[in-house]
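Residue-level listing of the chains:
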Amino acid sequence: MQADKLSAEYSITNNKLEQSQLSEIQVDNAPPNNNGNIPDHIFMVWGPIGLILSWAALFLMLSKRGRIARNEIAVNIKSLNQVPCKNCNFFANNPHLKCAIHPSLVLTEKAIDCSDYCQRDRKSA
């Protein structure tokens, strides 16, 4: 009796296994999904083109930013050449205190019109 039950269970299990293998084989033979009916060659053509265009846009943005920064530096250097602090009597080339009267304004654009400017004598320098 037990042998009959075991053989029946074996045959049922064997049938289920064969059916699952067949269903797996049928799934594997199914045609691949084409991403919403878009051909694969479009991705192969537009992928590198999009990559090149994005790198070009990034390069243009960075180069424009660099040009703007260089122009600002040039303007700052031109305006700092007009600062009279180095010829002032109160200016000291000391890293701790450069100007005795206006230490926060020394060598800045605000120091161009300094009301306390006093030209240093050439003889003492």
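In this report, the structure presented in the accompanying data block is examined. The model shown is predicted, which means the values in this text are computed figures rather than measured ones. Every chain is numbered on its own, with residues counted from 1 as its sequence reads. Where local features are concerned, this predicted model is filtered to residues with pLDDT of at least 70; where side-chain atom pairs are given and counted, the filter is 80 or more; whole-chain, interface and lining totals use all residues. Heavy atoms from the whole structure form the basis of all side-chain values; hydrogens and water molecules are not counted.

Quick look at the overall build of the chain
Put simply, the rule is: Here a strand is any run of E in DSSP of at least two residues, a helix any run of H or I of at least four, and the numbering for each starts at the N terminus. Think of it in three bands: residues with accessible area under 20% of the maximum for their type are buried, residues over 50% are exposed, and the middle band is partly exposed, with areas taken using a 1.4 Å probe on protein chains only. Only heavy atoms enter the contact rule, under which two residues are in contact if any of them lie within 4.5 Å. The method behind every accessible area is Shrake-Rupley, applied with a 1.4 Å probe, and residues are considered shielded solely by the protein chains displayed.
Regarding its fold elements, the chain presents two helices and zero strands. Among the 125 residues that make up the chain, the fraction classed as buried is 7%. Residue pairs at least 24 apart in sequence account for 58% of intrachain contacts in the chain once pairs closer than 6 positions are excluded. By element, 60% of the accessible surface of the chain is carried by carbon and sulfur atoms, the whole surface being about 11,200 Å².

Digging into the nonpolar core
Note the cut-off: We call a set of buried residues a nonpolar core when its members are Ala, Val, Leu, Ile, Met, Phe, Trp, Tyr or Cys and they connect through side-chain atoms within 4.5 Å of each other.
Ranked by size, the top nonpolar core spans seven residues in total: V83, C85, C88, F91, C99, V106 and A111. Beyond its immediate chain neighbours, meaning those up to four positions away, A111 contacts V83, P84, C85 and L105.

Overview of empty space enclosed by the protein
Threshold: Buried and open spaces are told apart on a 1 Å grid over the protein atoms alone, a cavity being a set of points where a 1.4 Å probe fits but cannot get out and a pocket being an open set with protein on both sides within 12 Å along at least five of seven lines. Residues with an atom within 4 Å of a point are the lining residues. Grid points are joined across faces, edges and corners, and a volume is the space filled by probe spheres set on the points. The residue classification treats Ala, Val, Leu, Ile, Met, Phe, Trp, Tyr, Cys and Pro as nonpolar and Asp, Glu, Lys and Arg as charged. All others, Gly included, are polar.
Enumeration over the complete set of coordinates arrives at one cavity of 30 Å³ or more. In the lining of the largest cavity, the residues fall into 12 nonpolar, one polar and one charged.

Brief notes about a nonpolar patch on the surface
To be explicit about the condition: Each patch groups residues whose relative accessible area exceeds 30% and which form no salt bridge, using 9 Å between like charges and 5 Å between nonpolar side chains of Val, Leu, Ile, Met, Phe, Trp and Tyr. A side-chain nitrogen of Lys or Arg and a carboxyl oxygen of Asp or Glu constitute a salt bridge if their distance falls within 4 Å.
A cluster of nonpolar side chains, I42, V45, W46, I49 and L53, forms an exposed patch at the surface whose accessible area comes to about 480 Å². Mapped onto the secondary structure, V45 falls in helix α2 (residues 40–80).

Details of the environment of N87
By secondary structure assignment, the location of N87 is in the segment after α2. A relative accessible area of 39% places N87 in the partly exposed class. The sequence separation of N87 and C118 amounts to 31 residues, and the corresponding C-alpha distance is 8.2 Å.

Details of the state of the cysteines
Linking two cysteines covalently via their sulfur atoms produces the bond known as a disulfide. The criterion, for reference: Only a pair of cysteine sulfur atoms within 2.5 Å counts as a disulfide in this structure description.
Inspection of the entire model under this criterion finds zero disulfides. Between C99, a free cysteine, and C88, which holds the nearest cysteine sulfur, the sulfur-to-sulfur gap is 5.9 Å. Residue C99 is classed as buried on the basis of its relative accessible area, which comes to 11%. Unpaired in terms of disulfides, C118 finds its nearest cysteine sulfur in C88, a separation of 6.4 Å. Residue class for C118 comes out partly exposed when judged on its relative accessible area of 34%.

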